[in-house]
Amino acid sequence: MSLTLNMVGGGGGGLKATDALLRVQAPAGSTVTISKGTTTKTDLGHENADDHTVYDYYFIIHASQFDSVNPWTVTATLGEDSATSTIIINAADEFNLTLEYLYYLYNNPSERKCAE
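In this report, we go over the structure that sits alongside the text.

**A closer look at the pairing of strand S1 (residues 20–27)**
And step 1. Here S1 lies mainly inside the structure; 6 of its 8 residues are buried.
And step 2. Bridge count between S1 and strand S5 (residues 54–61): 8 bridges; the pairing is antiparallel. By the bridge assignment for S5, proline 27 is matched with valine 54.
And step 3. Of the strand pairs in this sheet, S1 and strand S8 (residues 94–98) are connected by 5 bridges, and their pairing is parallel. Looking at S8, one finds that leucine 22 is bridged to phenylalanine 95.

**Observations concerning the side chain of serine 30**
And step 1. On the secondary structure map, serine 30 appears in the loop between S1 and strand S2 (31–36).
And step 2. Engagement of the side chain of serine 30 in a polar contact is seen with the backbone oxygen of proline 27, the distance being 2.7 Å.
And step 3. When residues no more than four places from it in sequence are discounted, the contact partners of serine 30 are Leu44, Tyr57, Ala76, Thr77, Leu78 and Tyr101.

**Some remarks on the side chain of aspartate 43**
And step 1. Residue position: aspartate 43 is located in strand S3 (residues 39–43).
And step 2. For the buried residue aspartate 43, which engages in no salt bridge, the nearest side chain bearing the opposite charge is arginine 23, 11 Å off.
And step 3. At a separation of 3.2 Å, a polar atom in the side chain of aspartate 43 contacts the main-chain amide nitrogen of tyrosine 58.
And step 4. Leaving out residues up to four positions away in the same chain, aspartate 43 has contacts with Thr31, Val32, Asp56, Tyr57, Tyr58 and Phe59.

What counts, and at which threshold
Residues numbered from 1 in each chain as written. Predicted model: local features only at pLDDT ≥ 70, side-chain atom pairs only at ≥ 80, totals over all residues. Heavy atoms only, no water. Buried < 20%, exposed > 50% of the residue type's maximum accessible area, 1.4 Å probe, protein only. Helix = DSSP H or I, 4+ residues; strand = E, 2+ residues; numbered from the N terminus. Pairing = 2+ DSSP bridges. Polar contact = N/O pair within 3.5 Å; in protein donor to acceptor, adjacent residues only side chain to side chain. Contact = heavy atoms within 4.5 Å. Lys, Arg positive; Asp, Glu negative; His and termini not counted. Salt bridge = Lys/Arg side-chain N within 4 Å of Asp/Glu carboxyl O.

Take a look at the structure:
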């Protein structure tokens, strides 16, 4: 199976054998951003062939950006919804992460209690 990527705004050339590939799955129409230190990459996603409510977002992480201590922060946003997670990318491999938005059936901020 061959994977062809047409990354807009991802920059940095094509995928090399020494690079890692991060695939993020998030709700359709989201914008996904990954960041670590001063590096930020954004992708608008590609419709998932198996589930049209999910998009796949691909990011190339070059070997010089591998790190076993400091994770990448991954954020998906869609309107006012957002979801964030972190992931360590430390090898030339494929990494997968799924982000979902939390929806409340009932959410009354006036009933929240602060710990004293």
